[in-house]
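Close look at the chain arrangement
Given next are the chains, with one letter for each unit.
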Amino acid sequence: MSRHRNVRSMDYKEEYDGYDDVFGHSVDDEGCISPTDAQQWIYDRARGQQSIVNFMASNRDIQEEDEGRDDEEHEKERRDSESYQLPELPEEELARLLSCMDEIRSIVGDSVSEKRLVETIMHFQYDMTRALDSILNPAPQTAATASAKAPDKEASSAMEKGVGPRLLEKFTKPLAAPTVTVTPTTDRTNVKRGFEVNSPNIQSPVMSGRNTPEIGDEGRTPSRAGAKESQRNAQEMYQKERKSGKSHIHMVVIGHVDAGKSTLMGHLLFDLGNVPQRVMHKYEQESKKIGKSSFMYAWVLDETGEERTRGITMDVGSSRFETDNKIVTLLDAPGHKDFIPNMISGATQADVALLVVDATTGEFETGFESGGQTREHALLVRSLGVSQLGVVVNKLDTANWSQERFDEIVGKLRVFLKQAGFKESDITYIPCSGLTGENLVKAPADEKLLSWYSGPTLVNVIDNFRTPERSVEKPFRLSVNDIFKGTGSGLCISGRIETGVVCLNDKVLVCPSREQVQVKGIQIDEISHNSAFAGDQVSISLSGADISNISVGHILSDMANPVPVATRIRARIVVFNVRVPITIGFPVLLHHQSSIEPASIVKLKAQLHKGSGEVIKKNPRCLGNNSCALVEIETIKAICVEKYSDFKELGRIMLRVGGVTIAAGLITEIVK
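Residues numbered from 1 in each chain as written. Predicted model: local features only at pLDDT ≥ 70, side-chain atom pairs only at ≥ 80, totals over all residues. Heavy atoms only, no water.

To continue, consider unusual backbone geometry. Cis geometry marks the peptide bond from Cys-511 to Pro-512, where omega comes out at 15 degrees. Take Pro-512: it is sitting in the loop between strand 12 (507-511) and strand 13 (515-524). Phi is positive for Tyr-126, close to 65 degrees, though the residue is something other than glycine. Take Tyr-126: it is sitting in the loop between helix 6 (114-123) and helix 7 (128-136). Backbone geometry at Gln-593 places phi at a positive 55 degrees, although glycine is not the residue there. (Helix = DSSP H or I, 4+ residues; strand = E, 2+ residues; numbered from the N terminus.)

Running from N to C, helix 6 and helix 7 cross one another at 135 degrees; their axes reach a closest spacing of 9 Å. If you check the angle between helix 6 and helix 7, you find them oblique. Crossing of helix 6 against helix 7: the hand is right-handed. Contacts between helix 6 and helix 7 involve Arg-116, Leu-117, Thr-120 and Ile-121 from the first element and Ala-131, Ser-134 and Ile-135 from the second. Taken together, the residues that form the contact of helix 6 with helix 7 break down as four nonpolar, two polar and one charged. (Axes fitted to C-alpha atoms, helices over the stretch in contact; angles between N-to-C directions. Parallel < 35°, antiparallel > 145°, perpendicular 65-115°, else oblique. Left-handed = near helix turned anticlockwise from the far one by under 90°. Contact = heavy atoms within 4.5 Å. Nonpolar A, V, L, I, M, F, W, Y, C, P; charged D, E, K, R; others polar.)

Glancing now at the packing of aromatic side chains. Summed over all chains, the structure comprises five aromatic pairs. Ring geometry for Phe-368 and Phe-416: centres 5.6 Å apart, planes at 80 degrees, overall edge-to-face. With a gap of 48 residues between them, Phe-368 in helix 14 (residues 363-368) and Phe-416 in helix 16 (residues 403-420) connect regions that are remote in the sequence. On the numbers, 5.2 Å between centres and 45 degrees between planes, the contact of Phe-406 with Trp-452 is tilted. With Phe-406 in helix 16 and Trp-452 in the loop between helix 17 (447-450) and helix 18 (458-463), this pair connects stretches of sequence that are 46 residues apart. What makes Phe-406 buried here is its relative accessible area of 7%. We classify Trp-452 as buried; its relative accessible area is 18%. Site record: aromatic cluster; members linked through ring pairs are Phe-364, Phe-368 and Phe-416. The cationic tip of Arg-375 hangs over the ring face of Phe-368; the distance from NZ or CZ to the ring centre is 4.3 Å. (Phe/Tyr/Trp six-rings, centres within 6.5 Å; stacked < 30°, edge-to-face > 60°. Buried < 20%, exposed > 50% of the residue type's maximum accessible area, 1.4 Å probe, protein only. Lys NZ or Arg CZ within 6 Å of the ring centre and 35° of its normal.)

Here it is, written out as structure tokens:
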């Protein structure tokens, strides 16, 4: 059939000749529907409108609230309201009257005349709840209820005389009714309109006039009482769920490349029973085939093919084990200088650190003195807030368990770590061998080591680390470390909760994009939970999230207290070793949590004394090695930051240039 048919000259009999489905036949029934029967299925506009009119006429209950009041009553009420004057009352009673009128007006608007409003309030002795109920739910006009709609004789006579009703010494109300607290005053111009609601069942801020937001208003700042209540609840939840079991810490393992970090921790996990014997046997056979049998323990954490082929750690490996008093999340950081950004990402999640050094002759000096990563890693973790450090002198068996070699290494490290900001009491030195397993879990058995060492094993040192205080009472903050597609339809992110608490079905903000999402699932170590707290490394499933608005380094924050977003910050930095002095306009890479953003130093505010923090020189022209200064830094893109004084977890930054960390600092002010 042609698409463009000549419908005017069409012969409909020929057109439909031979068709079985003729108009008027049912699909399932061969019986024909007569035109009379078909009329009942055809809509008639006139008949439909008439039916609606009949329906409305027969249902007189469907009417507007003000229907039935004629124009004369409206006009009379308007004239009464315009000419009505407030009664002359004592200042205290007038304050109560104006307060009640203001609050009722904020609810009912101008739909009630001022005369009726005053009469009702005074009839109920300034009880705002009962007066409002009477106005919103008027009783029918009958002989029995006529007195309820007008003031009684005593109140009317009092109004005529210009004297208000007597003050009630005690209000008798139901238990849930709010208590009215009035502020008396003798100056009408300074009357404080409003009242405080104090009830065991109601928590609301002080109402202060018609512009007081309602309970459901968006953007309302929560009251201080509500904030304290949420803090108290967060602390109670944390005490109930976490204090009963073992404390949880995150430990990062750092050190120069080839110091034996992965082998050390792989052997530790095997000795603790976290790696099955058959898996260890498989790694042993596979490593022997490629001629690297010593890598068998390192493969426990180095799982990718490229890491195993090259024999180095490239990304942060994660595992979990338990000691007598601790649940430890292990973060194995890469030691190669090319992967320092990955190491920083792992260190931002850590509570404590293990610094692994190679005791082999010449190897320690390479990592510590000749531009190796031992110094840089120690400075980085201290700048990121890690204060407890375990120094593992690894591969000491290659030096025949020499005490002199151990003391030489400890002596050099002790001076440097003190300069880096570590306290002597927070550092523990342990001689070990990651390959043989000496002094890891069990007490040392080698007689040469036993002859001079009687200290703790590596597991004992880890078990004795102090658990940091968790900022569960602060607003929720989570730093996004990874984004992936979950098993369901939603998007999943993983990261560390820096502060606060998050529960299922909570609505949170993704900053800096300010996208609102909802938490649909929480997992810790692949186990589902209903809530998670500050310090937890979690995976969260989100609904309503657009993957284009979420990136690594973004912050999930509380709806009522979102994280600040800025492009310019003021920070107090400590400059390490720089080849070129830092001047205005100096380009850097700013590391903050998991985010890396290009930035530049736009102002040198002052040079400070490293010890006391006093200003040595204002507006210096440049900054050299080992100097401390107050600077302003501007980023190309907006980043989520917090002042160090408010949120220590989000108030630290790193500055790197050309693959080298040149400075670390604390955010003192957000300039926006």
